[in-house]
Each structure stands twice: as C-alpha cells, then as structure tokens.
Protein chains: 2
Amino acid sequence: MATELRYVGLDVGGTTMKAAVVDDDGRVAPHVSLPTEPERGQEAGLETMCQAIRMAIAAAGSTLDEIAAIGVATPGTMDLKTGYILDPPNLKPWRNVPVRDYIAHHFGKPTAFQNDANAAAMGEYWSGAGAGTRSLVMFTLGTGIGGGIIINGEVLEGEHSHGAELGHMKIEMTNPRLCGCGKRGCLEAYASATAVVKRTEEALAQTSPTSILHSIRREKKLTARRIFEAAMAGDALALRIVDETAAMLALGASNLMHVINPEMVVFAGGMVEAGDWFLQQIRRHVPTYAFPVPAERTQICFARLGSDAGFIGAAACARQLIRGALRR
Amino acid sequence: MATELRYVGLDVGGTTMKAAVVDDDGRVAPHVSLPTEPERGQEAGLETMCQAIRMAIAAAGSTLDEIAAIGVATPGTMDLKTGYILDPPNLKPWRNVPVRDYIAHHFGKPTAFQNDANAAAMGEYWSGAGAGTRSLVMFTLGTGIGGGIIINGEVLEGEHSHGAELGHMKIEMTNPRLCGCGKRGCLEAYASATAVVKRTEEALAQTSPTSILHSIRREKKLTARRIFEAAMAGDALALRIVDETAAMLALGASNLMHVINPEMVVFAGGMVEAGDWFLQQIRRHVPTYAFPVPAERTQICFARLGSDAGFIGAAACARQLIRGALRR
C-alpha cells in the first residue's frame, strides 16, 4: 500500500550482518546477509552496512523514498545516547564508530541505534513470542548471556547504555565462578552455553567414566547441544547438568520477576533448540525462587524469531522514531 | 498562590500514618500523624486515613477545594491496578481493602495508590537525594529490604505489582540463608538490619569473647545500630560485619546497575545513620561487582527525606495524575 510506512532493520553481528524491510505491521520482506569482516576496518564496515541497507530495500521491491526510517543494531560496547560503537570485542579493531549519524547522513533518514540484545528483545516484543504483552525480559543464551528489557514498548537502555546486562547479575558469593567479563559470580559464568560445557567438563573429571559424555568427549568436541542431546537420551550426568542449568536460569528469571516483574520472560539462543522439555524444567524451578504471584502468572517462553529478531527489532526501533513507543 | 496546585500525600505504616499537603514544586506543609491501629479493622482504618487527610489539609491552612489530587501509600501485599491492599502482613487483619476507590469516592478527588517503598523512592526522586536525576533505584534497609525504581518519573510497578522487590533478589546458591519470605538466598537475608544482627550473633557464638559486642550483648539487646557503633569504635568483629554488609549491598547495587543501570542508587533506612563512612565502604566495594562504566558513573547516595519520603512520594504520585510523569 502506498500509504503504509516501511522501515529498514539492520543487525550487525561479528560474522554476518542481516537486513530487511519491515512494514508498519511487522511484516518482513526477504532479508539479505553480508559478511561483516570487521578486520577490514570500520570505514569498510560502515560501507558494508550501507550496502546491506540498499540491498534490503531492493529485495523488498522498494525504493529509498518509501523508507520512513532506519534502525541499526550492533554488539556493545556502545553509547546509545550519542549513537557510537565504542570498543566492541566482537568487532575488533573498530573503535568509536559514529554508526547512527553516519547512516542517518548517508541515507537522509531518521536512524535508530540499539544494542543487539535489546533489539532482539524488541523484535520478540513487536512480532515474536511477546506480541501482545506489555512487558518482557529476554535472556539470550550463547557464548555469553545477553539481555533485553521492554516495558510498555520502550527499551530499557539504562543511563550509561548498560540496561539489561542480565548475564552479569551476581548470583553466588561463597564460591563464585570467574566470568568472561573478569568479575566473579555472574549468571553468565553458570548458565551460558560456554558455562554449561565448562561445568560438564569439570563434572566429567570428577566422575567415573560411565557417562556417554565421556565417550562423546573422546571423539568430538563437547558442546552444549551434545550435552542436551545426551540428557534427552537419558544420561544421568547430562540430566543433572541440564537440570542445574534450568535451576540457575529459573533463579535468574525470578530475580527479574522481583525487579522488573514483567508479563513474560523469554529465553533465546541455541539452548532453545532443546525444546519444550527444557522450558518445562525451567518453569518447574521458578517457584523455588519467586514469590507465588509472579511465579504463577509470569509467562515463560522461548523466543520465536530466531536470528531474525535483531533486524526485526532494529526496524521496530526505527518505527518508534516515527510512531512513538508501541504501548499496549 | 491561588493558581498553584496542591496535593495530599498519605503514607500508611503498620504503627503510624502520616499525611501532608505538598504543592506543585514539592514544598511540604506541616505533616500530621495518627496511629494506624490496624487491629481495629479495615473500616476503622479507612476512616482514620480520611481523618489524616482532612487534618493534613487543615494543617496546611487549605481547603478540600484547593486539593487537586490525593496519593496514598501502603505496605504490601497489594494490587496496584485495582487499588486494593490484599493481605498485608503489617496491617493484620486487613484483607482486600479497596483503598484507592474508597478515598477517591470519599473526597471526590483523583486518587493515586502506591506501594510504600515505591512511594518513598518517588519522594526521593521528586525532592530528595534524587532531585534532578532521570532514574534512581532505592534500597530501604530495615527489618527487611524494600525497593523502589523510578525511571523517567515513573514508578516501575511491574505487571503484578511486584516491581522492585529488591530484597528478594537471590545472591547466593551454595549456602543460601533462609529469608523471612520463606525462600533462600535473598539479599534481605544478608543485608537487612535484622540479618546484620543475626550474622553478628552467629559470629559471636564462634569467636572468643574479645569483641565489645560480647559485653554489649550481655547487657542489652544487640541491634544493627549498636553493631555499627562498635565498628566505629574500632571493634574488629563489628568492623568485619559492617564491611561484609557493605560488600553485599554493593553487590545488590551492582546487580541493579546491570539491570536498570540508573543514574543513582539511594540507600535509605536506619543504617543510613551510620553516616558517610558506611556509604564510602559500599562505594569501595562496587568496582568488585560492577562494570567499569556504571561503577564509575552511578551516583551512590543516602536518602535525604527520612520517614517523610513516603507521604511526599504519595503526593508526587497524586501530582502525576494531574501533571503526568515528572520526566527529566
């Protein structure tokens, strides 16, 4: 329709960037992907972003004139107020890149800039697992644990762009594990995919070699996926690791129920592929940690948009520049 | 001024209720106090609330006609959406009391209803420690640990009125202390005034009687205040307890820096009387737990309004009904 507004969402990852045109109702045109190749430097990176945006517009059979606004999501560290990427570990050697203003000037369009985990949460809120909810908290389980919080259509960015760094809540004092961030006791050090493998390796070193994980480890690299598969096949050690992981994620979710108290908690990332069985385990542990009312009423779901959540959420942030927050 | 709007704020506690008229700029008229006497039942309680509001209007030399709106804060449990107190442990035997609608109908005024800890945070945001900030997180340290979160002038109420139950964040898995709420590992079970006394009693039972706390305990009831005084007098055990408490509060504050990432963290309650020395100890522990940027930039302060914060914040919630959120 000629009168319908359209937005471009771009999600820049360490390996790949993805972009698509999304319309005012969240309908997504075919997306495009380009290699990010951060090692080619930030000037090349900015040009690749522009190229991805142009390709996405073409893939939608659209023209730049029809685009109302652009949204860009990148990994941190960043300054959301000024629209800069600062010193992102996943985009080395980029440093102090004025992403928002560069894209805005290049295309002459209002441009939103957002952290990738926040954008993914916004995508799920707009048209994924959280469609229809007023508020959601999302945990993205991967190498680390990312987070995003949406309340009444607005990303909780925080005063210094550190809102929803949920993987770095401290959940242990007595014997706190070292986290990749350099601190101790972070949720990420217990329940990220990386941490699941590490905890399993430690358990294997301490047990007699009866677990099928011992033989898997002799032949292949131990991964969270293989540990979850072993659990589904009934391996006792793997079942214990998965159950402990579910308990830790339930504790993390419960902490957010006592801070944000959202309508929904969403889990995203590779572990989601373990399926509903794992979700049930997380849900089962929640009443141990959360007050009865939020334990009973908070919806706990898996994400639905997969790796498209980032560019859809970036488009949602672009839409917000034009339409205001998507309050419900 | 005849054109200036005025509000009544009422803060209902388990023992006393306090009310005052507050003008549009946060200037507070003399407040009034009445005993709550919850044991007389909820009908009597509602009538006492009305009486406190009338007395506050009279104490301000004002009339009901000059009042634009009323705000009432009460302890939980509650349903903020419907304006009911549900089953408050501190107001037994009250149950399912339609506070907001009762007051609104009685006075014929728009009436706001808020949790007492949220209202206190709102008071500090409006005209206390947080005046001028965009966002703050407040921890109130007493028998338990209450919390309030204000972002851009709005109370984070949560979907089921459980927003900012900060005392019930879990911070320990290995050997989690039992909390008054029935769960384990809550911040409150470590760092409330009650928990400080309990941790001290345990330490005293395990140490030779060299601490001055041993002799204090033989003569008087051990209180958080006496433990802090012993620390200030140089007692080694008391110093250790206070330092551990500061570390746990720094951990709690850091968790909020990684979830809300506010401009300011405010501590309120009796421990505040320990003075700037204790605040410095909390600040010193923050970099152990928080990322460098929020650790460096988040203001960590004591509350300024004391027990007036509740009715001032209740008035701020009333003001919001008329003026909208106090965004900065």
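Residues numbered from 1 in each chain as written. Chains lettered and ligands numbered in written order. Predicted model: local features only at pLDDT ≥ 70, side-chain atom pairs only at ≥ 80, totals over all residues. Heavy atoms only, no water.

Visitor: Can you help me understand the overall build of chain A in this one?
Guide: Broken down by element type, chain A carries eleven helices and twelve strands. Overall, the C-alpha framework of chain A stretches about 65 × 45 × 35 Å when taken along its three principal axes. Partitioning the contacts of chain A with sequence separation of at least 6, the portion at a separation of at least 24 is 64%. Surface summary for chain A: the accessible area is close to 12,700 Å², and the carbon and sulfur share equals 50%. (Helix = DSSP H or I, 4+ residues; strand = E, 2+ residues; numbered from the N terminus. Contact = heavy atoms within 4.5 Å. Areas by Shrake-Rupley, 256 points an atom, 1.4 Å probe, with all protein chains shown as cover.)

Visitor: I keep staring at the packing of helix α5 (residues 193-206) of chain A against helix α8 (residues 236-257) of chain A and nothing clicks. Help me out?
Guide: The description of two packed helices rests on the angle between their axes and on the distance between the axes. All names here are of chain A. One way to put it is that α5 packs onto α8 with a least axis distance of 10 Å and a crossing angle of 140°. As far as their axial angle goes, α8 and α5 are oblique. Considering how the two elements wind past one another, α5 and α8 form a crossing that is right-handed. The segment α5 lies against α8, with V196, R199, T200, A203 and L204 engaging L237, R240, I241, E244, T245 and M248. Looking at the contact of α5 with α8 residue by residue, the class counts come to six nonpolar, two polar and three charged. (Axes fitted to C-alpha atoms, helices over the stretch in contact; angles between N-to-C directions. Parallel < 35°, antiparallel > 145°, perpendicular 65-115°, else oblique. Left-handed = near helix turned anticlockwise from the far one by under 90°. Nonpolar A, V, L, I, M, F, W, Y, C, P; charged D, E, K, R; others polar.)

Visitor: I keep staring at the relation of the copies chain A and chain B and nothing clicks. Help me out?
Guide: What relates the pair of chain copies is a rotation about an axis plus a shift along that axis. The transform that puts chain A on chain B rotates by 180° and translates by 0.0 Å along the axis, for an RMSD of 0.0 Å. What we have between these two chains is a two-fold relation. Most of the interface of chain A is mirrored in chain B, where 100% of its interface residues again form contacts. (Least-squares fit on C-alpha atoms with pLDDT ≥ 70 in both.)

Visitor: Mind showing me how you'd approach the domain arrangement of chain A here?
Guide: Quite often, the size of an interface is put as the accessible area lost when its parts meet. Residue and element names in this part refer to chain A. Split by domain assignment, chain A resolves into domain 1 (6-125 + 307-323) and domain 2 (132-303). Computed over C-alpha atoms, the centres of domain 1 and domain 2 are 28 Å apart. Across the boundary between the two partners, domain 1 contributes 13 residues, which contact 22 residues of domain 2. Summing both sides of the interface, domain 1 and domain 2 together bury roughly 1,400 Å²; the carbon and sulfur share of this comes to 56%. Here domain 1 is connected to domain 2 by one salt bridge. Of the charged contacts in the structure, one is a salt bridge between E159 and K81, with a shortest N-O distance of 2.9 Å. On inspection of domain 1 and its partner domain 2, the count reaches four residue pairs in polar contact (both at pLDDT 80 or more). When residues in the side of domain 1 that touches domain 2 are grouped by element, the largest group, seven residues, is from helix α3 (residues 116-127). Within the side of domain 1 that touches domain 2, the residues separate by chemical class into seven nonpolar, three polar and three charged. (Domains from an automatic or database assignment. Buried area = accessible area lost by both parts, 1.4 Å probe. Salt bridge = Lys/Arg side-chain N within 4 Å of Asp/Glu carboxyl O. Polar contact = N/O pair within 3.5 Å; in protein donor to acceptor, adjacent residues only side chain to side chain.)

Visitor: So what exactly am I meant to see when it comes to helix α6 (residues 212-219) of chain A here?
Guide: Every α-helix carries 3.6 residues per turn, so stepping three or four residues along brings you back to the same face. All names here are of chain A. Taken together, the buried positions of α6 are occupied by L213, H214 and I216. The arc that holds the buried residues of α6, viewed along the axis, is 165°, so those residues lie on one side. Residues of α6 that are exposed and point over 90 degrees away from its buried face: R218 and E219. Of the surrounding secondary structure, the elements contacted by the buried residues of α6 are α5, α7 (224-232) and α8. (Buried < 20%, exposed > 50% of the residue type's maximum accessible area, 1.4 Å probe, protein only. Arc of directions from axis to C-beta.)

Visitor: Would you explain the sheet that holds strand β3 (residues 32-35) of chain B in this entry?
Guide: Pairing between sheet strands relies on hydrogen bonds along the backbone, with the strands arranged either parallel or antiparallel. Residue and element names in this part refer to chain B. Strand order in the open sheet formed by five strands is β3-β2-β1-β4-β7, with mixed pairing between adjacent strands. The open sheet terminates on both sides in strands that have one partner only, identified here as β3 and β7 (111-115). In this sheet, adjacent strand axes meet at a mean angle of 20° when their direction is disregarded. With four bridges connecting them, strand β2 (residues 16-23) and β3 associate as antiparallel partners. Its bridge partner lying in β3, K18 is registered against S33. Each of β1 (6-12), β2, β4 (67-74) and β7 touches helix α11 (residues 309-323); the most contacted strand, β1, lies at about 135° to it. (Pairing = 2+ DSSP bridges.)

Visitor: Is there a simple way to explain empty space enclosed by the protein in this structure?
Guide: Empty space left among the atoms is revealed by rolling a probe the size of a water molecule over them. In the structure shown here, the tally under the stated rule is two cavities of 30 Å³ or more. The volume enclosed by the largest cavity comes to roughly 60 Å³. Lining the largest cavity, in full, are M122(A), Y125(A), W126(A), A316(A), R319(A), Q320(A), G324(A), A325(A) and L326(A). At the level of secondary structure, the elements contributing two or more residues to the lining of the largest cavity comprise α3 and α11 (309-323) of chain A. When its residues are assigned to classes, the lining of the largest cavity shows six nonpolar, two polar and one charged. For the second largest cavity, the calculated volume is near 40 Å³. As for the second largest cavity, its lining consists of M122(B), W126(B), A316(B), R319(B), Q320(B), G324(B) and L326(B). Sorting the residues of the lining of the second largest cavity by element identifies α3 (116-127) and α11 of chain B as the ones contributing at least two each. Of the residues forming the lining of the second largest cavity, the biggest block, three residues, is contributed by α11(B). (1 Å grid on protein atoms, 1.4 Å probe; cavity = no way out; pocket = protein on both sides within 12 Å on 5 of 7 lines; lining within 4 Å. Points joined across faces, edges and corners; volume = space filled by probe spheres on them.)

Visitor: Even after reading the chapter, I still don't get the confidence of the model for chain A, so can you show me in this structure?
Guide: Close inspection of predicted coordinates is inappropriate for parts of the model with low pLDDT. Taken over all residues, the pLDDT of chain A has a mean of 96, while the share at 70 or more is 99%. Across the assembled chains, the prediction reports ipTM 0.96 with pTM 0.96. (pLDDT = per-residue confidence, 0-100.)

Visitor: Looking at this structure, I do not really get the sheet that holds strand β11 (residues 264-269) of chain B. What am I missing?
Guide: Residue and element names in this part refer to chain B. The strand order β10-β9-β8-β11-β12 describes an open sheet built from five strands, whose pairing is mixed. Unpaired on one side and paired on the other, β10 (154-155) and β12 (299-302) mark the two borders of the sheet. The pairing of strand β8 (residues 135-141) with strand β9 (residues 145-151) spans seven bridges and is classified as antiparallel. Across the sheet, the residue bridging to T140 is G146, located in β9. The strands that helix α8 (residues 236-257) touches are β8, β9, β11 and β12; relative to β8, the one it contacts most, it runs at about 150°. Together, β11 and β12 form the strand contacts of helix α9 (residues 276-289), whose direction differs from that of β12 by roughly 155°.

Visitor: What should I look at first to understand the nonpolar core in this one?
Guide: Side chains of a nonpolar character, in soluble globular proteins, are inclined to be buried together. Counting residues in each nonpolar core, the largest one holds 113 residues, and the members touching the most others are F139(A) and F139(B). Beyond its immediate chain neighbours, meaning those up to four positions away, F139(B) contacts I145(B), G146(B), L166(B), M169(B), L187(B), G252(B), A253(B), L256(B), V265(B), V266(B), F267(B) and A268(B). (Core = buried A, V, L, I, M, F, W, Y, C linked by side-chain atoms within 4.5 Å.)

Visitor: Looking at this structure, I do not really get the interface of chain A and chain B. What am I missing?
Guide: Between chain A and chain B, the residue contacts involve 49 residues of the former and 49 residues of the latter. When the two sides are added together, the surface that chain A and chain B hide from each other amounts to roughly 3,800 Å², 59% of it contributed by carbon and sulfur. Interface area lost by chain A to chain B is led by H160(A), M173(A) and V259(A), which between them contribute 19%. For the pair chain A and chain B, the interface holds two salt bridges. As a salt-bridge pair, R134(B) and E159(A) come within 2.4 Å of each other at their nearest N and O atoms. For the pair chain A and chain B, the number of links is 30 residue pairs in polar contact (both at pLDDT 80 or more).

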